[in-house]
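Coordinate analysis (summary)
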Amino acid sequence: MFFIFKHKKKLLLSIAPIIYILISIFMRTSLGPYWEGNNSDPEYVYLFSSLNMLHLNSPSHHDHPGTTLQVWGALVILFKYLYLLLFNHGESNLTLAVLKYPEEFLKAINTSLIIITTFTLYFSGIVLTRFNNIKFALSFQFSIFLFPTIMMSFPRVTPEPLLVIFSIIIITLIEAIIHTQNSGDADKEKKLSRLVLATGIIAAAGLVTKVTFLPLLLLLTLIRPLKYFFKALLSMLAFVFIFTTPIMFKYANVTNWFKNIIIHKDLYGNGAIGLPTIKDLTLNLENIYITDSLFLKLVLTLTIFTLVVKLLSKKILQLSTFENSLFFVGPVICLVQIAITLKHPGMRYLLPSMIICGWMLSRISYKLHIILLSSSYIFFLLINSNAIKKLIHNRNLTKTQLLEINALSEAYKDYRFIYTYRSSSKLFALSYGNSFSGSHLSEQLTSIYTNTPLFNSAGGDEFYNFSGTSYNLSSSEQYILQGSYLGPSDSHWLDLHAKYSKDFRIKFLRLIGGEYFFQIDSKLKSNFP
């Protein structure tokens, strides 16, 4: 009892991190293997990019740009390999170990992200308790469970888990800067300089991880006086350069990629130059609302609260200068993030703003002394989160689909399977990761997985192997083509049928989940339906 009383605060601040660990483990188990269906994108691309860095190859995948995750992944792969080597487990060759057992290395990277997030969550609580009080710290900790989008990122190997980490850290640093400015410490200037430098470094890390962190740079405007703001800004710019040194010779490619995204109408830099139509933007906003209505409702509420603050802060709320600024900057960050995302709708792009929403909600609750209400609400959302329900539902469906795929594979065991986009296959996942990260490991893949045919659904009509050379269908063999975007009315399917129907009979077998299965056999007697 004495131990519990003495360490009560630390124990309380451990609750959210422990719940986070348990949910992360559960969700990773429910997610299934990373090679399954949609799970391979972008996990296997990041795996190959990290492995390429260990070969001293500059990452060819720099869409996010994601360099921080690639570097971290490379370190985890190296330590995992050395651990296996030390205890005589697995391959003695690092590259072969990763290519033969990719899932083990992806799980190691995700586990490392879970560990970092756990410590970040705990120590941010410790720091915020010191500067404010434990109720505010607990509310902020639990706010990461508010949104399904954040929770869905827990089991992934994507930039999003790192964005959660960097968002929490930069918020904690801003709180530390404000507290230090208001303190009477003799060495206040030194502390502020260190904190401001750290804030700039974390801002750079977040931006290099994914450009969706960009709106959070407005948090730097909360730093006063201006000399500290400029110091944070300069340190951020310097460390952006440092963190992107692995892709420094590809700055032109990165710049061109983001320029095309901005100036073109359609997704990912496609389409004509110009702005999306109002109709498209409205539909995208509706999709965001349908996917996670709570986020938009909270942003609207916080925006209205900001207007109320401007009218009543001096008379009723008695907010500090920092709080006045925060309740203006916070909603602006969220609205800017929404505006950017409307062109490329995807809830994951809004994740940094969700952390900001949680921070503001915690601040408001703390200020208005309704912390118990907000904490109960957050915990209720945790227990009843749509993220968990959706994941369980999807996983149950996927398990059934995998059983169906396995049964089909067994029924056609004498056929050679050809995999294409988003096939539930480790071979496709390896091919996808390799092709989107420069194809540096094609030779090694070919030596391990010999005579593996693949289909280029993006090209529409090309069969190839891991080395990238064309794969010619043999009239003496029988094939099963498996993958997404191959519906009978899809252009990829039409191209395939037009080119190969002269020499081969192509028969649609089944649609399992989102994956189509076709039988390709020159000996097939029945006509294509």
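Residues numbered from 1 in each chain as written. Predicted model: local features only at pLDDT ≥ 70, side-chain atom pairs only at ≥ 80, totals over all residues. Heavy atoms only, no water.

Looking only at helices and strands, the protein has 22 helices and six strands in total. Residues counted as buried form 52% of the 529 residues belonging to the protein. Sequence-distant contacts, at least 24 apart, represent 72% of the contacts inside the protein between residues at least 6 apart. For the protein, the exposed surface amounts to about 24,900 Å²; the carbon and sulfur share of it is 64%. (Helix = DSSP H or I, 4+ residues; strand = E, 2+ residues; numbered from the N terminus. Buried < 20%, exposed > 50% of the residue type's maximum accessible area, 1.4 Å probe, protein only. Contact = heavy atoms within 4.5 Å. Areas by Shrake-Rupley, 256 points an atom, 1.4 Å probe, with all protein chains shown as cover.)

Among the structural elements, W35 can be located in the loop between α3 (15-31) and α4 (40-54). For the pair W35 and S424, spaced 389 residues apart in sequence, the C-alpha separation works out to 6.1 Å. When residues no more than four places from it in sequence are discounted, the contact partners of W35 are S40, Y44, E103, L402, S423, S424, S425, K426 and A429.

If you walk through the whole model with that rule in mind, you get nine salt bridges. In this structure, E160 engages K210 in a salt bridge whose closest nitrogen and oxygen atoms are separated by 2.6 Å. With a gap of 50 residues between them, E160 in helix α10 (residues 159-182) and K210 in the loop between α11 (188-209) and α12 (226-243) connect regions that are remote in the sequence. Judged by its relative accessible area of 6%, E160 is buried. Residues joined in a network through salt bridges with shared partners are E175, E323 and R363. (Salt bridge = Lys/Arg side-chain N within 4 Å of Asp/Glu carboxyl O.)

Averaged over all residues, the pLDDT of the protein equals 85, while 88% of them reach at least 70. Here residues 525-529 is modelled with pLDDT under 50, and outside its nearest four sequence neighbours on either side it reaches ten contacts, counting other chains as well. (pLDDT = per-residue confidence, 0-100.)

What follows deals with the nonpolar core. Formed by 129 residues in total, the largest nonpolar core has its most connected members in F145 and W359. A per-element tally of this core places α10 first, with 13 residues. Counting 14 residues, the second-largest nonpolar core is a separate cluster that includes I418, F463, L473 and F518. (Core = buried A, V, L, I, M, F, W, Y, C linked by side-chain atoms within 4.5 Å.)

The subject of this paragraph is a nonpolar patch on the surface. On the surface, L54, V71, W72, L75, L78, F79, L82 and L85 cluster together into a nonpolar patch covering about 640 Å² of accessible area. In terms of residue count, the dominant contributor to the nonpolar patch is helix α5 (residues 67-86) (seven residues). W72 sits in the partly exposed class, given a relative accessible area of 31%. (Patch = residues over 30% accessible without salt bridge, like charges linked within 9 Å, V, L, I, M, F, W, Y side chains within 5 Å.)

Two cysteines, two sulfur atoms, one covalent bond between them: this is a disulfide. Enumeration according to the criterion identifies zero disulfides in this entry. No disulfide involves C334; its sulfur sits 3.7 Å from the nearest other cysteine sulfur, which is in C357. For C334, a relative accessible area of 0% gives the class buried. (Disulfide = S-S within 2.5 Å.)

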